[in-house]
Amino acid sequence: MKALIIGATGATGKDLVSQLLEDAEFTEVHVFVRKPVQNSHHKLNVHLIDFEKTETWKNLVKGDVAFSCLGTTLKDAGSKEAQYRVDHDYQLDFAKAAKENGVEDYILVSSYGADPNSKIFYSRMKGELETNVKNLHFEKITILKPGMLERRNSKRTGEVLGSRILKFANKIGLFESQKPLPTCILAKAMINAAKIKSNGYSSIKLGNIFAFAEKTDH
């Protein structure tokens, strides 16, 4: 299979690329990034692009499965408008290009609580993205909805503290369905989703992602 990825330089994306490169079922891995990546592999193809100039790269989005795990934080983006541009618009542009070029399988990382009608900006943004990507009518689309992610070597103080608190709560039997999700497990679940031979829309929520990552029968 030929895999296409946006968000390859993020924590989830790095784990996804690493696992895809080691997976014999994937013969080509194409990443669409704004900056060079420090990785070299005979299956890896790096496309340096400007997301603002869709016309210059959209014809390259051709393959068997597209993975979308792009994202930023409000702090890094600098404003809600800038974050929406990255988390919604760039991902939707990529999805549109994939659809136009005949990609049949689309896998999107969204978020727990995503809802286009939410009063919470982040949840509403993710919900709008889900709706708009689903409306492109891919032959097969899988949307994963993780909660708090556990990133290796994370420098996000609030995230690290939140993960520790949640893990402690899990140990005493609280919020067991919302335990932190390591990005390597999320990546594995995405790959398993790509290997399933089916059509239509599937949603994998929170705790179910752990079980889905363990699936071996496709």
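Just so you know, the residues in each chain are numbered from 1, in the order the chain's sequence is written. A pLDDT threshold of at least 70 governs which residues receive local features in this predicted model, and a stricter bar of 80 or more applies before side-chain atom pairs are shown or counted, although totals over entire chains, interfaces and linings include all residues. Calculated side-chain values reflect all of the structure's heavy atoms, with hydrogen atoms and water omitted.

Draft legend 1. Looking closely at the sheet that holds strand S6 (residues 140-145). Read from one edge to the other, the open sheet built from seven strands follows the order S3-S2-S1-S4-S5-S6-S9, with strand pairing classed as parallel. With partners counted over all chains shown, the strands left at the sheet margins are strand S3 (44-48) and strand S9 (200-205), one partner each. Going across the sheet, the axis of each strand differs from the next one's by a mean of 15°, ignoring polarity. Paired strands, as defined in this entry, are two strands with at least two bridges between them according to DSSP. Secondary structure follows DSSP: runs of H or I at least 4 residues long count as helices, runs of E at least 2 residues long count as strands, and numbering of each begins at the N terminus. Relative to strand S4 (residues 65-68), strand S1 (residues 2-6) runs parallel, the two being bridged by four bridges. Residue pairing across strands places Ile 6 opposite Ser 68, the latter belonging to S4. Contacts between helix H6 (residues 183-195) and the sheet are confined to S4, strand S5 (105-109) and S6, with S5 contributing the most and set at about 160° to the helix. Axis geometry follows a simple rule: fit a line to the C-alpha atoms, using only the stretch in contact for helices, then measure angles between N-to-C directions, giving values from 0 to 180 degrees. Throughout, a contact is declared for two residues whenever any of their heavy atoms are within 4.5 Å.

Draft legend 2. Representation of helix H4 (residues 121-134) in the model. In this model, H4 (14 residues) spans 20 Å end to end at C-alpha, consistent with the 20 Å of a helix rising 1.5 Å per residue. To sort residues, take the accessible area from a 1.4 Å probe on protein chains only and compare it with the maximum for the residue type: under 20% means buried, over 50% means exposed, and anything in between is partly exposed. Restricting attention to buried positions, one finds in H4 the residues Phe 121, Ser 123, Met 125, Lys 126, Gly 127, Leu 129, Glu 130 and Val 133. Where the residues of H4 are buried, they touch helix H3 (80-100), S5 and S6. For a helix, the expected span equals 1.5 Å multiplied by the number of residues minus one.

Draft legend 3. Examining the layout of surface pockets more closely. Here the term cavity refers to a set of points on a 1 Å grid, laid over the protein atoms alone, in which a 1.4 Å probe fits but cannot get out; the term pocket refers to an open set having protein on both sides within 12 Å along at least five of seven lines, with lining residues being those that place an atom within 4 Å of a point. Grid points are joined across faces, edges and corners, and a volume is the space filled by probe spheres set on the points. Counted as a void, the second largest pocket has a volume near 160 Å³. Residues of the lining of the second largest pocket, tallied by class, amount to three nonpolar, two polar and six charged. All residues other than Ala, Val, Leu, Ile, Met, Phe, Trp, Tyr, Cys, Pro, Asp, Glu, Lys and Arg, Gly among them, are scored as polar; the first ten of these are nonpolar and the last four charged.

Draft legend 4. Local environment of a negative patch on the surface. A cluster of acidic side chains, namely Glu 28, Asp 64, Glu 104 and Glu 139, defines a negative patch on the protein surface. Within the fold, Glu 104 resides in the loop between H3 and S5. Residues forming no salt bridge and having over 30% relative accessible area are the ones grouped into patches, like charges within 9 Å of each other and nonpolar side chains (Val, Leu, Ile, Met, Phe, Trp, Tyr) within 5 Å. Where accessible areas are quoted, they stem from the Shrake-Rupley method and a 1.4 Å probe; at the residue level, only the protein chains shown are allowed to cover. The salt bridge criterion pairs a side-chain nitrogen of Lys or Arg with a carboxyl oxygen of Asp or Glu, the two atoms within 4 Å. Neither His nor the chain ends contribute to the count of charged residues, in which Lys and Arg are positive and Asp and Glu negative. To locate a charge, the coordinates of NZ of Lys, CZ of Arg, CG of Asp or CD of Glu are taken.

Draft legend 5. Highlighting the nonpolar core. With 32 residues, the main nonpolar core has Ile 5, Leu 16, Leu 20, Phe 67 and Met 190 as its most contacted residues. Only S1, helix H1 (11-22), strand S2 (28-33), S4, S5, H6 and helix H7 (208-213) provide two or more residues apiece to this core. Here the element with the most residues in this core is H6; it accounts for seven residues. For Met 190, the residues in contact, after removing those within four places along its chain, are Thr 12, Leu 16, Phe 67, Cys 69, Ile 107, Val 109 and Leu 144. Grouped together as the second largest cluster of nonpolar side chains are 25 residues, Ile 49, Leu 92, Ile 141 and Ile 143 included. In this text, buried Ala, Val, Leu, Ile, Met, Phe, Trp, Tyr and Cys residues form a nonpolar core when linked through side-chain atoms within 4.5 Å.

Draft legend 6. Expanded view of the pairing of S5. Burial analysis of S5 places five of its five residues in the buried class, which makes it a mostly covered element. Burial along S5 is two-sided: Asp 105, Ile 107 and Val 109 and Tyr 106 and Leu 108, pointing in opposite directions, are all buried. Where S4 lies against S5, four bridges are found, and the strand directions are parallel. Residue Ser 68 lies in a different strand from S5, and its bridge partner there is Leu 108. Across five bridges, the pairing between S5 and S6 is parallel. Paired with Val 109 across the two strands is Leu 144, which belongs to S6. When the strands point away from the viewer and the connection leading from the first strand across the helix to the second strand turns clockwise, the crossover is called right-handed. Each parallel crossover has a hand, and the one from S5 via H4 to S6 is right-handed.

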